[in-house]
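The residues making up each chain are set out below.
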Amino acid sequence: MLMQKATLFLLIIITSTTALFSQNASLQLFGNETSGYGVNLIWNDKTVSCNEGSGEFSLIIENADRSFSDTIHNWKASSAIQNKDGIKLSGQYYLKTLMTFITVEVDYYMVNANVIKKEISLEQNNIPLLFYQIENKLNPCSNDVSYWSFDHLNHQGGAIREIYPAAGFFFEDSIAVGLLTDAGYRNQWTRNIRKRPTDQGVNNIGFQAVQTIADVNLYRIANNEERTQNNQYVSLTFGELSDYNSGEIAVLNNSYLSKSYSQNGGNIKALKDNNFLVTTANKQSEQNSGIKIPFTAKDGFYTIKFNYKAAKPLNLRLFKSHNNTEEVVGFHYKSGLPASADEWLTFEESVLLQGIEGSTAQLLIESKSDIEIKNFEILEISPKKNPYHRMPIGEKQTKTIVMFVQKAKDIRDIRLASQTRLAEGLGFKGSDVEKVLYADLMMLTWISGANDFSPHNVPSINYAPDMYNRDSFWSIVSVYDKDLNESVWKKWGGTQDKHGAIGTIITPYMGSIEKKGNEATCEWIWWALINKRRFNSHIDTVRLKKALEFCYQEFDPDKDGIVSAHFSLSQNDVVYYKEKMSNLAVNQGVYAITLRAAKELGFDIEQEYINKAVKEYRNFYDKGRGYIVSDKDFPYVVSFTDLMPEFMSWWLWNTPLLDSEMVINTLNKVPVINDCSPVIFHVADTFFTQENKPFLPEQMWPNGQYYNGGSWMRNEICAYVVGKKHGWEPAKERIEKRMLAEINLNYNEPFSHEIIPMDLSQPNCWWPSARVFSWNVFTLIALEVGEMREK
């Protein structure tokens, strides 16, 4: 069972220190036994957050059949103890309706001169099960403030869902106060708002909205109406479930249709009631055109529905527009909707809009043909809300909060502080970039949903709600958390099919049929060994035996040590072979590591067989060319991924599979641009062309993007550590510079990326979808192996 203890952080970024004077955060106890005790947050002699009005928290509690509830507003303590490390508040609250006491403890800790942590603990010992929802507010002491979030320096208020959960306010001379939360798998929150579609009907393009959404208001900032009423706050709310299946429905007035305007030459015509015609600019053009329909919206859940005829497929997007800028906030992947010129088709999709306050919502409808539309409606649905966090009898439930010092002049300062200070509050030690990697992992590891509190790690908010096998492996093994590692490993074991294959994707609310002969099953076997060594974990040998048998049959059924596969057994999943091939170096290495791991787990594998697999891995080194040939069909291709098995051998057994000549000569071929190097490249030209690319025929990217020479941090650092182990002189400097490039190359993006572009002259080369990525945290393990970081 995973730990119930959880942590949330109140982050205060305040004025910068000088060389001669250290500025400190501190706590101020207020109140008495009659009015109740609480704590204010101080920076030097200034109170920056005032709890007199809001208390320490507010709480909603329901019984198990949802028939009765009680609310605790703005709780204050009946007892307070001050000590050198902080302040402890405590008390009991009697729930009159439910006829039980709640025991409360609130602990403030001075983590260091800049960071304060707060923990809220709740316990009841009378009712088998209660459900609860808790809100913690950060209240500025003045109305003269502005608000920020991770993506916006001047947030207009409302609920927040961005690439990294963080929010706060500014006061005085760019002094910022902010709020952070511990990982969702500990604080029991999720950011899942969408699900994969069914394969039925016409609405099966892109994701679909979840109808019962947990933690819609995980983060919330006072909106403009609240601010005018002097209700200033930033809040974190845990345990709130919004049910839109049972909500109240309101139809928006259709006057917005008359305000529609052209997109790429499209027009709206013959408008009558909710029926109209969208004409496109040029029926022969390859460019889509259509209209944008602006409508007034607030944070909420909307359903858009209409019937349509069109000769060519439709694309839909939802934007928010503010100060002449646009941002996609819904229907991110609604492209290629089915077309029919003769038959009426139906579109009906829902979307949760957040962070829309102060902006105008705009619906884009476009095609390469005219679109006839009837019965167009936008519905706003107000949900039924209930608490969903569980408070079993006699089990303490804990959440948490903090402050630190830093002047924040721009979005970089806010983003960097939101990550590094979170890591510090969680007790993590390391450099700024190491703290960033750790914090990003924490913010991408949640619970699956209101009915499933098991950990769920997504690669990034862009990939949500899907947990990918390879991403979760590299992410979760990077931290020494027994419960987390065992839980996610077991979850993946549950995906095993009758052949023994481990699934590629776990996605909440819907099924995934993606089980195939990639590296997922191999890495699951490695993970078993890692857990057994680290934690002495119980290992499911029945499932492991089936997994090993699958690897035999899928990759080497004749047991000659030569691997054949349909896929690359690595992150380079942009190749597929209809007939199995034996042309990839990484496949040989991954298989060799898998055999050795299985042998240590107790399976009967002849050492001679393992040696054959290792020999075939070594055979990909071409002495004449002076590098490991990544793909025998494309002998000019070099890739960091081919050194991944060599890294695993050093990590797991502190021994090499390859000779130093093989490693050093290969690394000497690697080009360096802006302290970054491509994960896969042409040995002579760096970037690939349509004529020489080693990808699937339909796949290609501009120079320096994705697998056409993009830089992927995890594989790059692991390869450099391999070089360091083999005595490659540039290794340490390459590692240090590449680490810094992750958070410094793009000034406004001091976070972990899926990829860093290698050709910055390419337009729009910094992909929004690549922001705040999880698996680069494995760099921490690489640094340990390279003796550049302590465990």
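Everything below is about the structure printed above this text.
Here is what the cut-offs are and how they apply
- Residues numbered from 1 in each chain as written.
- Predicted model: local features only at pLDDT ≥ 70, side-chain atom pairs only at ≥ 80, totals over all residues.
- Heavy atoms only, no water.
- Salt bridge = Lys/Arg side-chain N within 4 Å of Asp/Glu carboxyl O.
- Helix = DSSP H or I, 4+ residues; strand = E, 2+ residues; numbered from the N terminus.
- Buried < 20%, exposed > 50% of the residue type's maximum accessible area, 1.4 Å probe, protein only.
- Polar contact = N/O pair within 3.5 Å; in protein donor to acceptor, adjacent residues only side chain to side chain.
- Contact = heavy atoms within 4.5 Å.
- Core = buried A, V, L, I, M, F, W, Y, C linked by side-chain atoms within 4.5 Å.
- Expected span 1.5 Å × (residues − 1).
- Phe/Tyr/Trp six-rings, centres within 6.5 Å; stacked < 30°, edge-to-face > 60°.
- Lys NZ or Arg CZ within 6 Å of the ring centre and 35° of its normal.
- Pairing = 2+ DSSP bridges.
- Axes fitted to C-alpha atoms, helices over the stretch in contact; angles between N-to-C directions.

(A) Representation of the pattern of salt bridges in the model. Counted by the stated rule, this structure contains 34 salt bridges. Lys-298 serves as the salt-bridge partner of Glu-380, at 3.9 Å between the closest nitrogen and oxygen. Taken together, the positions of Glu-380 in strand E31 (residues 371–387) and Lys-298 in the loop between strand E25 (289–295) and strand E26 (300–310) put the pair 82 residues apart, joining distant regions of the chain. What makes Glu-380 buried here is its relative accessible area of 15%. For Lys-737, the salt bridge goes to Glu-733, with nearest N and O atoms at 2.9 Å.

(B) Local environment of the side chain of Arg-738. Note on placement: Arg-738 falls in helix H14 (residues 731–744). Side-chain polar atoms of Arg-738 contact the side chain of Glu-716, separated by 2.9 Å. Ignoring any residue separated from it by four or fewer positions in sequence, one finds Arg-738 in contact with Asp-675, Cys-676, Ser-711, Trp-712, Met-713, Glu-716, Ile-717, Tyr-720 and Ile-756.

(C) Looking closely at the nonpolar core. In terms of nonpolar packing, the biggest core is built from 187 residues, with Leu-122, Tyr-164, Trp-526, Phe-647, Met-648 and Trp-651 touching the most fellow members. Not counting chain neighbours up to four residues away, the residues in contact with Phe-647 comprise Cys-718, Val-721, Val-722, Phe-778, Ile-781, Ala-782 and Val-785. Of all hydrophobic cores here, the second largest spans 32 residues; its members include Leu-252, Ala-297, Tyr-308 and Leu-314.

(D) Structural view of H14. Along its 14 residues, H14 runs 20 Å from first to last C-alpha, staying within 8% of the 20 Å computed at 1.5 Å per residue. Summarising the contacts, the buried residues of H14 are in contact with helix H3 (411–425), helix H4 (432–443), helix H13 (713–725) and helix H15 (779–785).

(E) Spatial organisation of the packing of aromatic side chains. Applying the stated criterion to the full structure yields 44 aromatic pairs. Aromatic side chains Tyr-463 and Tyr-468 sit 5.5 Å apart centroid to centroid with 85° between the ring planes, which places their arrangement in the edge-to-face category. What makes Tyr-468 buried here is its relative accessible area of 18%. Ring geometry for Tyr-463 and Phe-773: centres 6.2 Å apart, planes at 70°, overall edge-to-face. Remark: Phe-773 occurs in the loop between H14 and H15 and Tyr-463 occurs in the loop between strand E35 (452–457) and strand E36 (467–468); sequence separation between them is 310 residues. Among the aromatic residues, those joined into a cluster by ring pairs are Tyr-463, Tyr-468, Phe-688, Phe-695, Trp-701, Tyr-706, Tyr-707, Trp-712, Trp-767, Phe-773 and Trp-775. Arg-66 extends its terminal NZ or CZ atom over the ring of Phe-131, reaching a point 3.9 Å from the ring centre. A cation over an aromatic ring shows up here: Lys-374 above the ring of Trp-344, its NZ or CZ 4.3 Å from the ring centre.

(F) Representation of the sheet that holds strand E7 (residues 79–83). Across the sheet, five strands lie side by side as E7-E8-E9-E10-E33; this open sheet has antiparallel pairing. Both outer strands of the open sheet, E7 and strand E33 (397–401), are each paired with one neighbouring strand and no more. Strand-to-strand twist across the sheet, computed as the mean angle between neighbouring axes with direction ignored, equals 15°.

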